[in-house]
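# Analysis of the macromolecular model
The chain contents come next:
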Amino acid sequence: EDQVTQSPEALRLQEGESSSLNCSYTVSGLRGLFWYRQDPGKGPEFLFTLYSAGEEKEKERLKATLTKKESFLHITAPKPEDSATYLCAVQTDLMDSNYQLIWGAGTKLIIKP
Amino acid sequence: NAGVTQTPKFRVLKTGQSMTLLCAQDMNHEYMYWYRQDPGMGLRLIHYSVGEGTTAKGEVPDGYNVSRLKKQNFLLGLESAAPSQTSVYFCASSYRGAGNQPQHFGDGTRLSIL
């Protein structure tokens, strides 16, 4: 069964303390992996799409990387405004690109000043 | 820039009552989606639409109906609400399919069924 697992469920960091969030997937064949950010009381907001192992994308303090089994969202010198829940979603080769994604449950990131 | 707008933002219903959630987008997107988000779970797709006048079932369609009479609007209906439908409902839209382009989400409707 295709599955997406995010870890940890929650992560508390001090401002400036770098770390990584993990999205591991067990799927038949990866077509694309998506990262979204979700603020409390808001809908998810798109961050990155990764398509193949070895690919990397960067945006401000965030960098997303992809291997054949997992993706990491690295956060460098985070600020309190980076606090949010980060969601990962996967599309596989067998899926209809019109709608089918498998979503992880998310990692809640808290950055303390 | 309004983007995707959902109404209402909050609602409390009694078991057996019906209601309609409204989603409106101003980006001229073809594709629209309804998701539910429950604690400890990933987003789950309820229904989706690939264009005006079309609808299709997603992963968890039971107990819900949808309509897309106008391109910019996507309605989600609960005919007879059940406590298991207590959730946060998100509408999203995209120019092409979810696997091809980022989705734009509304801010959600928080629905409680007593």
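Note that the coordinates shown come from a computational prediction; the quantities given were computed from them, not determined experimentally. (Residues numbered from 1 in each chain as written. Chains lettered and ligands numbered in written order. Predicted model: local features only at pLDDT ≥ 70, side-chain atom pairs only at ≥ 80, totals over all residues. Heavy atoms only, no water.)

## A few points about the overall build of chain A
A tally of helices and strands in chain A yields zero helices and eleven strands. Along its sequence from the N terminus, chain A presents helices and strands in the succession β-β-β-β-β-β-β-β-β-β-β. Against the compact-globule benchmark of 13 Å for 113 residues, chain A has a radius of gyration of 14 Å, which places it among compact chains. Over its C-alpha atoms, taken along the principal directions, chain A stretches across nearly 45 × 30 × 20 Å. Expressed as a percentage of its 113 residues, the buried residues of chain A come to 47%. (Helix = DSSP H or I, 4+ residues; strand = E, 2+ residues; numbered from the N terminus. Rg over C-alpha atoms; globule rule 2.2 N^0.38 Å. Buried < 20%, exposed > 50% of the residue type's maximum accessible area, 1.4 Å probe, protein only.)

## Details of the overall build of chain B
Of the regular secondary structure elements, chain B holds zero helices and eleven strands. Start at the N end of chain B and walk to the C end: the helices and strands fall as β-β-β-β-β-β-β-β-β-β-β. For chain B, with 114 residues in total, the buried portion stands at 49%. In chain B, once contacts between residues fewer than 6 apart in sequence are set aside, the share between residues at least 24 apart is 55%. Carbon and sulfur atoms provide 51% of the accessible area of chain B, an area that totals close to 5,400 Å². Within chain B, one finds 11 positive and 8 negative side-chain charges whose respective centroids are separated by 4 Å. (Contact = heavy atoms within 4.5 Å. Areas by Shrake-Rupley, 256 points an atom, 1.4 Å probe, with all protein chains shown as cover. Lys, Arg positive; Asp, Glu negative; His and termini not counted. Charge placed at Lys NZ, Arg CZ, Asp CG, Glu CD.)

## Section: the interface of chain B and chain A
In this complex, chain B contributes 22 residues to the contact, which on the side of chain A involves 19 residues. Counting each side, the surface lost to burial between chain B and chain A is near 1,700 Å², with a carbon and sulfur contribution of 54%. If you look at where chain B meets chain A, you find one salt bridge. Across the salt bridge formed by Asp107(B) and Lys42(A), the nearest N and O atoms sit 3.5 Å from each other. Between chain B and chain A we count six residue pairs in polar contact (both at pLDDT 80 or more) in total. Counting only elements with at least two residues in the side of chain B that touches chain A, the list comes to strand E4 (31-37) and strand E5 (44-49) of chain B. No other element matches the four residues that E4(B) contributes to the side of chain B that touches chain A. Tallied by class, the residues present in the side of chain B that touches chain A amount to twelve nonpolar, eight polar and two charged. (Buried area = accessible area lost by both parts, 1.4 Å probe. Salt bridge = Lys/Arg side-chain N within 4 Å of Asp/Glu carboxyl O. Polar contact = N/O pair within 3.5 Å; in protein donor to acceptor, adjacent residues only side chain to side chain. Nonpolar A, V, L, I, M, F, W, Y, C, P; charged D, E, K, R; others polar.)

## Digging into the state of the cysteines
Joining two cysteines, a disulfide is a covalent bond between their sulfur atoms. Scanning all chains against the criterion turns up two disulfides over all chains. Disulfide pairing is shown between Cys23(A) and Cys88(A); the S-S distance is 1.9 Å. Around the S-S axis, the bridge from Cys23(A) to Cys88(A) shows a dihedral of about -55° and counts as left-handed. Remark: Cys88(A) occurs in strand E9 (residues 84-92) and Cys23(A) occurs in strand E3 (residues 19-26); sequence separation between them is 65 residues. Cys23(A) sits in the buried class, given a relative accessible area of 0%. A residue is classified by how much of its surface remains accessible, and Cys88(A), at 0% relative accessible area, is buried. Across a sulfur-sulfur distance of 1.9 Å, Cys23(B) and Cys91(B) are joined as a disulfide pair. (Disulfide = S-S within 2.5 Å.)

## Focus: the pattern of salt bridges
Residue and element names in this part refer to chain B. For the structure shown, the criterion picks out eight salt bridges over all chains. The partner of Arg36 in a salt bridge is Asp38, with the nearest N and O atoms 2.9 Å apart. Salt bridges sharing common partners tie together Arg36, Asp38 and Arg44.

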